[in-house]
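Analysis of the macromolecular model
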Amino acid sequence: MRRRMLWVGAAAFPLHNISRVQATRYQPDWGAALLSLLKWLLGAVVVYVVLMLLFGGGPESVGEGGGVLLVLLVLLAVFLGRSLFEPTRPILIVETAGGTWMIVTLPDVDELRDIAGRIVHAIDHPEAEFTKNVYQFTQYNGSVIQQTGNKNRAKNL
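Attention here is on the structure that accompanies the text. (Residues numbered from 1 in each chain as written. Predicted model: local features only at pLDDT ≥ 70, side-chain atom pairs only at ≥ 80, totals over all residues. Heavy atoms only, no water.)

**Some remarks on helix α4 (residues 109-124)**
Structural remark: α-helix, 3.6 residues per turn; residues separated by three or four positions point the same way. Over its 16 residues, α4 runs 23 Å from end to end, which matches the ideal 22 Å to within 8%, given 1.5 Å per residue. Taken together, the buried positions of α4 are occupied by V109, L112, I115, A116, I119 and A122. Looking straight down α4, one finds its buried side chains confined to an arc of 140°; they lie on one side. The elements touched by buried residues of α4 are β1 (5-8), β3 (18-26), β4 (89-96) and β5 (101-105). (Helix = DSSP H or I, 4+ residues; strand = E, 2+ residues; numbered from the N terminus. Expected span 1.5 Å × (residues − 1). Buried < 20%, exposed > 50% of the residue type's maximum accessible area, 1.4 Å probe, protein only. Arc of directions from axis to C-beta. Contact = heavy atoms within 4.5 Å.)

**Let's talk about a nonpolar patch on the surface**
On the surface, L42, V46, V47, V50, L51, L54 and F55 cluster together into a nonpolar patch covering about 730 Å² of accessible area. Tracing the backbone shows F55 in helix α1 (residues 30-56). (Patch = residues over 30% accessible without salt bridge, like charges linked within 9 Å, V, L, I, M, F, W, Y side chains within 5 Å. Areas by Shrake-Rupley, 256 points an atom, 1.4 Å probe, with all protein chains shown as cover. Salt bridge = Lys/Arg side-chain N within 4 Å of Asp/Glu carboxyl O.)

**So, the packing of aromatic side chains**
Counted according to the given criterion, the structure contains zero aromatic pairs. For R20, the ring lying beneath its charged end belongs to W101, and the centroid distance is 5.5 Å. (Phe/Tyr/Trp six-rings, centres within 6.5 Å; stacked < 30°, edge-to-face > 60°. Lys NZ or Arg CZ within 6 Å of the ring centre and 35° of its normal.)

**Regarding the pairing of strand β2 (residues 11-14)**
Alternating residues of β2 divide into A11 and F13, all buried, and A12 and P14, none buried. Bridge count between β1 and β2: four bridges; the pairing is antiparallel. Note on β2: the bridge partner recorded for W7 is A12. Two successive antiparallel strands, β1 and β2, enclose a turn made up of two residues, where G9 displays a positive phi of approximately 65°. (Pairing = 2+ DSSP bridges.)

**A word on the pattern of salt bridges**
Overall, the coordinates contain four salt bridges when judged by the stated rule. With a closest N to O distance of 3.4 Å, D110 and R113 form a salt bridge. Taken together, the residues D110 and R113, both in helix α4 and three residues apart, mark about one turn of the helix. Residue classification places D110 among the partly exposed positions, given a relative accessible area of 49%. A salt bridge links E111 to K132; its shortest N-O distance comes to 2.8 Å. Pair noted here: E111 is in helix α4 and K132 is in the loop between α4 and β6 (137-140), with a separation of 21 residues, a long-range link.

**A few points about the environment of L70**
For L70, the location among the structural elements is in helix α3 (residues 66-81). Since its relative accessible area comes to 55%, L70 is described here as exposed. Along the primary structure L70 and V45 are separated by 25 residues, whereas in three dimensions their C-alpha atoms are 9.6 Å apart.

**So, unusual backbone geometry**
Despite not being glycine, R4 has its phi angle at roughly 65°, a positive value. Position of R4 among the secondary structure elements: in the segment before β1. Under the relative-accessibility criterion, R4 is labelled partly exposed at 28%.

Worth remembering: the numbers are spatial, not functional.
In structure tokens, the structure reads:
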């Protein structure tokens, strides 16, 4: 933080443009991850059975390729199932009036709360400056809006 600008990586945020600073814990949506895993597994089984029926002959040929199916299902489950075991993690959300979000993660939520407090303090005190090196951050461009007739639903990323 220098001269009324918050620097996160190469991105600079004017302090007067920051509308929200929040330290919280990111909770993965395990239900959605499980549903996605089951959907892909079911799709893989259906595609495998259709291919076996088209190229392998009859229903008895589906059973012959069970080893290949098992390997494919295990690989798919490992690839998609990793999101089921994603732990909660502390995040610091910095949102601007333009809707851009910057999310910073650190192992300790107290450190993130300290950074959030320093940012809020600097908004009210123009002379305030500080430096904190953080090496993990992600930039989001706000919400995704789904328009359905006259009903709007916003989904935060």
